[in-house]
Amino acid sequence: STYNINNNTVRTKPQIITINNENVDNGKVLLVVKDSYANCFVPFLINHYESIVVLDTRYYRNGVTTTAEDIGATDILFLFNLNTLDSDTAIAGIY
C-alpha cells in the first residue's frame, strides 16, 4: 500500500490522506470522514478497497459531497467518537 499525504495542510496536520492498495482490484473507493479516534480502524479496511481517502473534519474545510464525487467514492464511512459527533461544530451539517 502507498500512503500519499497531500500538501494542503492546516496546523501542520494532513487534511486528506490517500491510501492506494495495488493488491486489490475490485473498483471500490472508500471515503472515510473521521476524527482521530478512527485512526486505529482505517488499517483494517485497506485489504478491502483499491483506494481509501481519509478526511479529518478538524482540518478539512471543503464539502464532503464534492470530495466524494471528485474521488469517485463507491462507499462513505463516517467514523467518530460519540462525544465528537455530539459536540463538534465542524461536523454539524453532516447528519
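These lines cover the structure that appears in this document, whether it is placed above or below.

## So, the environment of Ser51
Item 1. Note that Ser51 resides in strand 6 (residues 51-56).
Item 2. Assessed through its relative accessible area of 12%, Ser51 is described here as buried.
Item 3. Between the C-alpha atom of Ser51 and that of Lys28, which follows or precedes it by 23 residues, the distance is 6.9 Å.
Item 4. Leaving out residues up to four positions away in the same chain, Ser51 has contacts with Thr18, Ile19, Asn20, Lys28, Val29 and Leu30.

## Some remarks on the environment of Tyr60
Item 1. With respect to the helices and strands, the residue Tyr60 is situated in the loop between strand 6 and helix 1 (64-71).
Item 2. For Tyr60, a relative accessible area of 10% gives the class buried.
Item 3. Separated by 44 residues in sequence, Tyr60 and Ile16 have C-alpha atoms that sit 7.4 Å apart.
Item 4. In contact with Tyr60, other than residues within four places in its own chain, are Gln15, Ile16, Leu55 and Thr67.

## Notes on the packing of aromatic side chains
Two numbers describe a pair of aromatic rings. These are the distance of the centres and the angle of the planes.
Item 1. Enumeration according to the criterion identifies 1 aromatic pair in this entry.
Item 2. Ring geometry for Phe41 and Phe44: centres 6.4 Å apart, planes at 45 degrees, overall tilted.
Item 3. Taking relative accessible area as the criterion, Phe44 reaches 63% and is therefore assigned exposed.
Item 4. Over the ring of Tyr49 we find Lys28, and its NZ or CZ is 5.2 Å from the ring centre.

## Topic: the pairing of strand 5 (residues 29-34)
Item 1. Of all 6 residues making up strand 5, 6 are buried, and the element is well covered by its neighbours.
Item 2. Of the pairings in the sheet, the one linking strand 5 to strand 6 comprises 6 bridges and is parallel in character. Bridge pairing links Leu30 to Ile52 in strand 6.

## Side note on the pattern of salt bridges
Charged atoms that come close allow side chains of opposite charge to pair.
Item 1. Under the definition given, this model contains 1 salt bridge.
Item 2. A salt bridge links Lys34 to Asp56; the nearest nitrogen and oxygen atoms lie 3.2 Å apart. Taken together, the residues span a long stretch of sequence, with Lys34 in strand 5 and Asp56 in strand 6 at a distance of 22 residues. Taken as a pair, Lys34 and Asp56 share a single burial class, namely buried.

Conventions used here
Residues numbered from 1 in each chain as written. Predicted model: local features only at pLDDT ≥ 70, side-chain atom pairs only at ≥ 80, totals over all residues. Heavy atoms only, no water. Helix = DSSP H or I, 4+ residues; strand = E, 2+ residues; numbered from the N terminus. Buried < 20%, exposed > 50% of the residue type's maximum accessible area, 1.4 Å probe, protein only. Contact = heavy atoms within 4.5 Å. Phe/Tyr/Trp six-rings, centres within 6.5 Å; stacked < 30°, edge-to-face > 60°. Lys NZ or Arg CZ within 6 Å of the ring centre and 35° of its normal. Pairing = 2+ DSSP bridges. Salt bridge = Lys/Arg side-chain N within 4 Å of Asp/Glu carboxyl O.

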